[in-house]
Amino acid sequence: MRKNQSYEMQRAERRISAAASIAMCALTVAAQIAVTLLLAVFLRDKATIVYILLEWMGAIAAIRVYTRPGSPSFKLAWMCLLLAVPVAGILLFFFWGGTHQAKSLSLRKVPPIPEGGGLRRTSENNLAKLRRQSPAWGRLAGYLHKRGFLLYRETSAKYFGDGAAFFEDLIDHLARAEVYIFLEYYILAEGQLWDRIFGILKERAAHGVEVCVIFDDFGNLTRFSDETLQAMQNAGIEVQAFNPVHPYVNRIYFNCRDRRKIAVVDGHYAWTGGINLADEYANLIVRFGHWKDSGVRVEGEGAWGFAAQFIQMWKMMGRTFPNEEDYYRSRHHGPESRGWCQPFTDGPLNNPDNPVEDTYLQLISSAQRMLYITTPYYAVEESIQKALCIAADAGVDVRLLIPGVPDHHKFTYMVAETYWGELLAHGVKIYKYTPGFLHAKCVMADREAALIGSTNMDYRTFQLHYECGALFYHMPVIEELLEDLDQIMAVSAPYTLEDWNSRNVFRKMFASIFRLGAIWL
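**Thoughts on the overall build of the protein chain**
Okay, so step 1: Scanning the protein chain for helices and strands turns up 17 helices and 17 strands.
Okay, so step 2: Looking at the protein chain as a whole, 58% of its 521 residues qualify as buried.
Okay, so step 3: Of all intrachain contacts in the protein chain linking residues separated by at least 6 positions in sequence, the fraction that spans at least 24 positions is 82%.
Okay, so step 4: Taken as a whole, the protein chain presents about 21700 Å² of accessible surface, with 59% of it coming from carbon and sulfur.

Encoded structure:
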């Protein structure tokens, strides 16, 4: 009975979320208009004084933004908004731009899952071996190791360059789960895939398998009904919505979403990548042409890296487990394998330290021969933009693979275009995936290191959202990724500097304006 009451409360909060958040945006705009009309109609004699006071308030807030650590572009966007429309700017900054926002997600401060001395020593030994073989990748692995992300050896990996194949593999392993299933996704969408997955989760839960699911509330407001949520709970599946927007005004946030894609079975198998649990990711429905995505299955010791991150997030949201952490470790030895695997995560609680952004920078700056990147969105700091240009100038074969058909984020696509001219001028090769929307998020450097995960190359990934990924060093999976990247380029159209210059004047003008607000797109 108590559980049902809790679930009813969660559903009530979900209904309030959308209405309250949209209302807040409308109210801030209305407040700016109301103040402007008040000054123009009723306070003409004092309009100048009042307006100066408002500008001073906006300027003080802008100075506060400037002096705190963080992204320069993030600061610039907020400073312009605060100075241009101080009333709306101050209100929006208070609710969505302050440093308090990431700490107000109802997330408890939970320490990382404790690792025994033996595991840490093994990780340190792995790190020492990687440093001897590849000093550059050893530096990257050492950077993440210092932040608590262990380096694993007895791990194999299987790459999937197609959503349908990814889901068949995931569903097959879910059906054979014996101890537990963890799922953490930005989107759980009702449809053919969800019907299959839910049927398996329900059957496994009935047989005593522990099933825990985290989904992002904002990502599923229109795609995951209350009836489906109730059916999961009735089946004995533990479900938790991430960051439901509560009916308290000071906690209404569109930002700080959970965009991680994690599945773990029995601590021995884990999946990540760009693929959400929705039909379009397997092209069962058509959205924006052919949906091209990628994912990876990790088997062995490395799977624990994702299980540990799920456990920590579950506890941060105030939930508990019926067993100690060690219960969720794999009962099996990892497979014999070559190379090393390093799962890692990131989120706004780390700001201004951003492991995902720093990882991209190190991958780019360490590449000596070739650097291939796939990303659906591109809006980066000057440091990454310059690093790509320097790499290309230094003779590295730098290739950026992007969608040929944009999704519903049309303005975001226009903003991405503003960066491409500089890249092309420095010799970066850009390929547009003409069959449709390229949603894969991968980096491959020198056929030696690769990143596969949920991470876009934009401000939201680097500053505002919870993300995840896995780094692979000298593992066979890197060749599997390279083969898929070659196939993507084979059906893509090169984007040239002439193409970039031939954009119409209105597109150029509006794209440049939108770029200033890229942090909100």
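**Regarding the environment of Asn 125**
Okay, so step 1: When you line up the elements, Asn 125 lands in helix α5 (residues 117-133).
Okay, so step 2: Owing to a relative accessible area of 47%, Asn 125 belongs among the partly exposed residues under this scheme.
Okay, so step 3: Considering only alpha carbons, one finds Asn 125 and Arg 153, 28 residues apart in sequence, at a separation of 9.8 Å.

**Here's the deal with the packing of aromatic side chains**
Okay, so step 1: The final tally for this structure, using the stated rule, is 26 aromatic pairs.
Okay, so step 2: Ring centres of Phe 242 and Tyr 466 lie 5.5 Å apart, and the angle between their planes is 70°; this geometry places the pair in the edge-to-face category. In this pair, Phe 242 sits in strand β4 (residues 238-242) while Tyr 466 sits in the loop between α14 (459-464) and β16 (467-473), placing the two residues 224 residues apart along the sequence.
Okay, so step 3: The buried category is assigned to Tyr 466, whose relative accessible area is 5%.
Okay, so step 4: Ring geometry for Tyr 360 versus Phe 462: centroids 5.8 Å apart, planes at 65°, classification edge-to-face. Here Tyr 360, found in helix α11 (residues 355-366), pairs with Phe 462, found in helix α14; they are 102 residues apart in sequence, far enough to count as distant. For the pair Tyr 360 and Phe 462, one class covers both residues: buried.
Okay, so step 5: Among the aromatic residues, those joined into a cluster by ring pairs are Tyr 180, Phe 182, Phe 310, Trp 314, Phe 321, Tyr 327 and Tyr 328.
Okay, so step 6: The ring of Tyr 327 carries the charged tip of Arg 331 above its face, separated from the ring centre by 4.7 Å.

**A look at the pattern of salt bridges**
Okay, so step 1: Scanning the entire structure with this criterion turns up 20 salt bridges.
Okay, so step 2: The partner of Arg 319 in a salt bridge is Glu 238, and the shortest N-O contact between them spans 2.4 Å. Of this pair, Arg 319 sits in the loop between α10 (303-316) and β9 (340-346) while Glu 238 sits in strand β4; the two residues are 81 residues apart in sequence, bridging distant segments of the chain. Residues Arg 319 and Glu 238 agree in their burial class; the two are buried.
Okay, so step 3: One connected set of salt bridges, linked through shared partners, spans Glu 115, Asp 326 and Arg 329.

**A short note on the sheet that holds β4**
Strand pairing within a sheet occurs via backbone hydrogen bonds; the two strands may be parallel or antiparallel.
Okay, so step 1: Here seven strands make up an open sheet; going across it, the order is β1-β8-β6-β5-β2-β3-β4 and the pairing mixed. The sheet is open, and its two borders are formed by β1 (155-160) and β4, each paired with just one other strand. On average, each strand axis in the sheet is inclined to that of its neighbour by 10°, with strand direction left out of account.
Okay, so step 2: Pairing between strand β2 (residues 180-185) and strand β3 (residues 210-216): six bridges, direction parallel. Across the sheet, the residue bridging to Leu 183 is Val 213, located in β3.

**Here's the deal with a nonpolar patch on the surface**
Okay, so step 1: On the surface, Val 505, Phe 506, Met 509, Phe 510 and Ile 513 cluster together into a nonpolar patch covering about 520 Å² of accessible area.
Okay, so step 2: Topologically, Val 505 is positioned in helix α17 (residues 505-516).
Okay, so step 3: On the accessibility criterion, Val 505 (58% relative accessible area) is exposed.

**Observations regarding the confidence of the model for the protein chain**
Okay, so step 1: Across the protein chain, pLDDT averages 86, with 82% of residues at or above 70.
Okay, so step 2: Confidence over residues 99-103 falls short of pLDDT 50; this stretch has 14 contacts with residues more than four positions distant or in other chains.
Okay, so step 3: Low pLDDT, under 50, characterises residues 247-252; the predicted model gives this stretch 16 contacts beyond four residues in sequence or across chains.

**Some thoughts on the sheet that holds β16**
Okay, so step 1: Pairing is mixed across the open sheet formed by eight strands, whose spatial order is β9-β16-β15-β14-β10-β11-β12-β17. The two strands at the open ends of the sheet, each matched to only one other strand, are β9 and β17 (492-495). Mean inter-strand twist for the sheet, computed between neighbouring axes without regard to direction, equals 20°.
Okay, so step 2: As judged from the four bridges shared by strand β12 (residues 429-433) and β17, these two strands associate in the antiparallel manner. Bridge pairing in β17 links Tyr 431 to Pro 494.

**Quick look at the side chain of Lys 261**
Okay, so step 1: Mapping Lys 261 onto the fold places it in the loop between β4 and β5 (262-265).
Okay, so step 2: In terms of polar contacts, Lys 261 uses its side chain to reach the backbone carbonyl oxygen of Arg 259, at 3.0 Å.
Okay, so step 3: In contact with Lys 261, not counting residues within four places along its chain, are Glu 184, Tyr 185, Trp 271, Thr 272, Gly 273, Gly 274, Ile 275, Asn 276, Ser 454 and Cys 468.

**With respect to the side chain of His 145**
Okay, so step 1: Residue placement: His 145 occurs in helix α6 (residues 135-146).
Okay, so step 2: Side chain to side chain, His 145 and Ser 123 meet in a polar contact 3.0 Å long.
Okay, so step 3: Sequence-distant contacts of His 145, that is, excluding residues within four places in its chain, are made with Arg 120, Ser 123, Glu 124, Leu 127, Leu 150, Leu 151 and Gln 342.

**So, the nonpolar core**
Okay, so step 1: Membership of the largest hydrophobic core comes to 55 residues, with the highest contact counts inside it found for Phe 182 and Phe 472.
Okay, so step 2: What Phe 182 contacts, discounting residues up to four positions off in sequence, is Cys 212, Ile 262, Ala 263, Val 264, Ala 307, Phe 310, Ile 311, Phe 321 and Tyr 328.
Okay, so step 3: Tyr 378, Ala 445, Phe 462 and Trp 500 belong to the second-largest nonpolar core, a separate cluster that totals 51 residues.

**Section: helix α7 (residues 163-175)**
Okay, so step 1: In a regular helix each residue adds 1.5 Å, so 13 residues correspond to 18 Å; α7 covers 18 Å between its end C-alpha atoms and thus fits that length.
Okay, so step 2: Residues Gly 163, Phe 166, Phe 167, Asp 169, Leu 170, Ile 171, His 173 and Leu 174 constitute the buried set of α7.
Okay, so step 3: Elements in contact with the buried residues of α7: β1, β2, α8 (192-206), β5, β6 (269-273) and β8 (295-300).
Okay, so step 4: Measuring from the side-chain oxygen of the N-cap residue of α7 to the backbone nitrogen of Ala 164 gives 3.0 Å; that N-cap residue is Asp 162.

Conventions used here
Residues numbered from 1 in each chain as written. Predicted model: local features only at pLDDT ≥ 70, side-chain atom pairs only at ≥ 80, totals over all residues. Heavy atoms only, no water. Helix = DSSP H or I, 4+ residues; strand = E, 2+ residues; numbered from the N terminus. Buried < 20%, exposed > 50% of the residue type's maximum accessible area, 1.4 Å probe, protein only. Contact = heavy atoms within 4.5 Å. Areas by Shrake-Rupley, 256 points an atom, 1.4 Å probe, with all protein chains shown as cover. Phe/Tyr/Trp six-rings, centres within 6.5 Å; stacked < 30°, edge-to-face > 60°. Lys NZ or Arg CZ within 6 Å of the ring centre and 35° of its normal. Salt bridge = Lys/Arg side-chain N within 4 Å of Asp/Glu carboxyl O. Pairing = 2+ DSSP bridges. Axes fitted to C-alpha atoms, helices over the stretch in contact; angles between N-to-C directions. Patch = residues over 30% accessible without salt bridge, like charges linked within 9 Å, V, L, I, M, F, W, Y side chains within 5 Å. pLDDT = per-residue confidence, 0-100. Polar contact = N/O pair within 3.5 Å; in protein donor to acceptor, adjacent residues only side chain to side chain. Core = buried A, V, L, I, M, F, W, Y, C linked by side-chain atoms within 4.5 Å. Expected span 1.5 Å × (residues − 1).

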